[in-house]
Every structure is written in structure tokens, then in C-alpha cells.
Amino acid sequence: MNRLVKLVLLVLLALPITSLADAPDFDQLDESVVRIITRKPDGINTGTGFVINDQQNVVTNYHVIEGGRQYFVADGGVDQAHLKAAEVKWFSKEKDLAILYVPDLQRPALPLSSVEPSKGSQIHAIGFPGAADLLTEEVSVESSVTSGTISRVIDAAWQENTPLFRVVQHNSEINGGNSGGPLVNMCGQVMGVNTIKTSLAFSIARGEVISGIFFASHISSLIEMLKAQQIPFNEVDAACTESDSAAVAYIGIALIALGVAILAVVFSLSRPRQQLIHAIETYSQRLRRSVKPVTPTPPKPKQTTSQGWVLSGVNKQGEAIRLTFDEAQLQESSTRGLTIGRSSRLSEFVIKDDSISRRHARLSYAENRLLVEDVNSLNGTKVDDVALEPFKPKPLSSGTTLTVGEVKLSVARAN
């Protein structure tokens, strides 16, 4: 019996365990989140926005654009060549929301979840906190992500003597520059629009530092406005259940295994030991007689059709650069390809050059073609001196020149 119990425990421990909340694809979400730059008479204000439809409408906070004379979206960099002019389409000072129209912006839209989030559910805040630029020599166009949970959903207002609306309180850290960025659930759907202004003002007025308490306008306020203005958007009115269903499935498997184990124990206890051993021996003998020996088939040799590539050049210091890979690596990559950048933590191929962003460009393979795309780098990516639009893959072929920042790389087949 002890041996049987141990066997049951081993079976239960061997059951595959999955996370109850798989994170969304942040690389994909990055394509829809942009940095907002507002030029004011007394300087520049920055914030975050996100695309909501194929008409290139971008949502942000009103206080991000308040008092501005010109509005821009940083699309691949923060220099004049990468700034795309924006127009204010609608705003509400009371709800601290605004809609921008960016004619030349080509980014995918994020879906809006009208479901009120439950307390304790997991969320992520995406944006461009200004403090994140302090440790680098560049004003980043790469978003930052923080994670947390929903603390509560309340009726509140950003200003006194104004109508109440739904506000999400959460603990996913946001800082100056995050304002206007999306608060997303585990399915990558927007649940709220983050704001930092109110909590900062409250902290200054009370003379205290707020820790772990942040706020976002519930997406219902934005949806109500979009419908009133007849602005298209993608609404999701079903709860994010992808992770929950997976958890239920695994719990069900565990319960079934436990039930089988209990039945096995009861069965073993209800029969005399001698009879049980005899039954097992009889079944084993019959099984050996019925099973015919099988001659193992030798495995077929793997056919390697994947072709190798080499990107070679030199950096500013005259140091040789040689990046080698094959198509199989690109297809097997869990991050939709291999990233070229300055950061060893964020990129598979590291080039130490200050003109290259931490995550600069991504190599991929699709439809029998080698592709490269700029991932919203500061100094841009070029193929044969033609600048790439962020997140728009461009084919590479042997003999072409790939320029990342100020580093030129020759593209060739590996010998």
C-alpha cells in the first residue's frame, strides 16, 4: 500500500503546472503605444498615448496636451525627422481625456475592454516615464512596463464639483510621463487610461509621499465619449478568461487523477493481498504473450535546409562586428525573431555603439524571406539607405546594406 501511495503522489506531482496568468505579448503591444510630445510656450511636456482604431486616433490624458501649441507623436525617434504632427480631435478636462489625430501614423489599434475589472486581478501599465531616461544618453522611444493588481474600482472625479465617473485604483507603478498610457489586462485589452497628475497633486498638498496607490480612468468613460463622437474602436465586452480556462482545465485533470488514485487505494484494500498479487501476475503473463516483439525503426536523418546568414561591419571604434545566424533560429525564436541592440538583456545580438538603442531592430523569417524591422529605435534603421518605418518589416537579401543607427552592416549568405 505504501508503494501505491508513493506512486500516486508521483503522478500528481508530475502533472503539468501552468501559470494562472500568462503575460500578454509586450512586443506586440509596443507597436500600439506611442510617446506624446507637446510644445508649450514655456517648454516641452511629454506623455503616453495609444492607438484605438485604423484611423490613427490616439488616446492620451488632457493634461499631457494642456496649454500646448503643437503636438507630436514620436514615431521611431525624437528628432524632427521622426516627429509626426498631431491634431486635437476631442478632449475633456473634467475626465482628463483627449483624442489626437495623427495623419501619417501607421500603428495597430488596441482593443478596449468594457468589462469592469475584479479586485485583485492582474494588470500591466505601459508608458514612457521620464525618469527612465535618466540612466541613458537618449530620450527613449522604448516603452516601460510595470505589473500589479487592481486594488478597487470606485466612483470619483479628478476635480472638485464635477460629475463622478469610474476610476480604477491599482498598484502598477506609474510616474511622470506615464500619463495617458494604457492599463491592460492579461489578454492585452485596455481597461483604463493611467493618470499621474492627481496623485502627485494630492501628495504635494498633503505633504506626504504616496506609495503603491495609482489611478486610471476606467475605460467606460472613454467608450462613452467615443460612441457620442461616432469614433470607431474595437470593444470587447467579454471577460478575459484565457488564463482562467487553462487553470480550470489543469485543476480538472488534477481532480480526475486524485479520484483515480483514491479508487486504486480502495480497490487494493478491499481485496486479499494474495488474490491481488495473483491477479497482477496473471495479467502480466497474458500481456507478455499477446505483445509481439517490435523491431525498432532507425530514426530518419534530419534534413537541414536552413541557410545561414552573416551581418558584418565595424563600429565607431573600428572594432569588427560579425553576427551569424540561420533561418531555423529565427523560426524557433520565442520572441518573433532575433533582436539587434545595445543591451545584452534585451537583445540577442549586441552591438556596443552609442548610436544604437537598447532594442533597435528585429530580424525575422517569413514566406521564405529574411526580414528586418525597426522596433521604434531612436536613430532609425535603413536598408540600402532607405529609412524603415517602425514595425514595418522589410526584406533583406544577400548584397544589401543594413544600417542600424550609424553602424553599416553588409548582408551575406554564410559559407
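This is a predicted model, so every value here is computed, not measured. (Residues numbered from 1 in each chain as written. Predicted model: local features only at pLDDT ≥ 70, side-chain atom pairs only at ≥ 80, totals over all residues. Heavy atoms only, no water.)

## A few points about unusual backbone geometry
- A positive phi is found at Asn-161, a non-glycine position, where the angle reads about 60 degrees.
- For Asn-161, the location among the structural elements is in the loop between strand S9 (144-156) and strand S10 (165-170).
- Since its relative accessible area comes to 83%, Asn-161 is described here as exposed.
- For Asn-376, which is not a glycine, the phi torsion comes out positive at approximately 65 degrees.
- By the secondary structure assignment, Asn-376 is in the loop between strand S20 (369-374) and strand S21 (381-383). (Helix = DSSP H or I, 4+ residues; strand = E, 2+ residues; numbered from the N terminus. Buried < 20%, exposed > 50% of the residue type's maximum accessible area, 1.4 Å probe, protein only.)

## Examining the sheet that holds strand S4 (residues 70-74)
- Strand order in the closed barrel formed by six strands is S1-S2-S3-S6-S5-S4, and the pairing between neighbours is antiparallel. Neighbouring strand axes in the sheet, compared pairwise and without regard to direction, differ in orientation by 40 degrees on average.
- Bridge analysis of strand S2 (residues 43-51) against strand S3 (residues 57-60) gives two bridges, and the strand direction is antiparallel. Bridging from a neighbouring strand, Val-51 pairs with Val-58 of S3.
- Relative to strand S6 (residues 97-101), helix H5 (residues 219-228) is tilted by about 50 degrees, and along the sheet it contacts S2, S3, strand S5 (83-92) and S6. (Pairing = 2+ DSSP bridges. Axes fitted to C-alpha atoms, helices over the stretch in contact; angles between N-to-C directions. Contact = heavy atoms within 4.5 Å.)

## Comments concerning the sheet that holds strand S18 (residues 349-350)
- Taken in spatial order, the five strands line up as S18-S17-S19-S20-S23 in an open sheet, and their pairing is mixed. Each edge of the open sheet is held by one strand with a lone partner, namely S18 and strand S23 (394-396).
- Here three bridges tie S20 to S23, and the two strands are oriented antiparallel to one another. Counterpart to Leu-370 in the pairing with S23 is Leu-396.

## Quick notes on the state of the cysteines
- According to the stated counting rule, one finds one disulfide in the structure shown.
- Each sulfur of the disulfide joining Cys-187 and Cys-240 lies 2.0 Å from the other. Because the sign of the S-S torsion sets the handedness, a value of about 85 degrees for the bond joining Cys-187 and Cys-240 places this disulfide among the right-handed ones. Highlighted residues: Cys-187 in the loop between strand S11 (182-184) and strand S12 (190-195) and Cys-240 in the loop between strand S14 (235-236) and helix H6 (242-270), separated in sequence by 53 residues. (Disulfide = S-S within 2.5 Å.)

## Some remarks on H5
- Along H5, the positions that sit buried rather than exposed are Ile-219, Ser-221, Leu-222, Ile-223, Met-225 and Leu-226.
- Just beyond H5, the residue with positive phi is Gln-230, at close to 55 degrees.

## Considerations on the pairing of strand S24 (residues 401-404)
- Bridging between S21 and S24 involves three bridges; their strand directions are antiparallel. Following the sheet pairing, Lys-382 is matched in S24 by Thr-403.
- Strand direction decides the pairing type here: S24 and strand S25 (residues 407-413), joined by four bridges, are antiparallel. In the strand pairing of S25, Thr-403 is matched with Lys-408.

## Side note on the environment of Thr-146
- By the secondary structure assignment, Thr-146 is in strand S9.
- Sequence spacing of Thr-146 and Leu-183 is 37 residues, and the spatial spacing of their C-alpha atoms is 9.8 Å.
- What Thr-146 contacts, discounting residues up to four positions off in sequence, is Ile-123, His-124, Ala-125, Ser-172 and Glu-173.

## Looking at the pattern of salt bridges
- Per the stated rule, a full pass over the model turns up 15 salt bridges.
- In this structure, Arg-107 and Asp-75 form a salt bridge, with 2.6 Å as the shortest nitrogen-oxygen distance. One end of the pair, Arg-107, is in the loop between S6 and strand S7 (112-113); the other, Asp-75, is in the loop between S4 and S5, and 32 residues separate them in sequence.
- Here Arg-166 ties to Glu-116 by a salt bridge, and the two come within 2.6 Å at their closest N and O atoms. (Salt bridge = Lys/Arg side-chain N within 4 Å of Asp/Glu carboxyl O.)

## Concerning the packing of aromatic side chains
- Evaluated as defined, the whole model comprises three aromatic pairs.
- Ring geometry for Trp-158 against Phe-165: centres 5.9 Å apart, planes inclined by 70 degrees, an arrangement best described as edge-to-face. With respect to burial, Trp-158 and Phe-165 carry one shared label: buried.
- On the numbers, 5.8 Å between centres and 45 degrees between planes, the contact of Phe-325 with Phe-349 is tilted. In this pair, Phe-325 sits in strand S16 (residues 320-326) while Phe-349 sits in strand S18, placing the two residues 24 residues apart along the sequence.
- For Phe-325, a relative accessible area of 4% translates into the label buried. (Phe/Tyr/Trp six-rings, centres within 6.5 Å; stacked < 30°, edge-to-face > 60°.)

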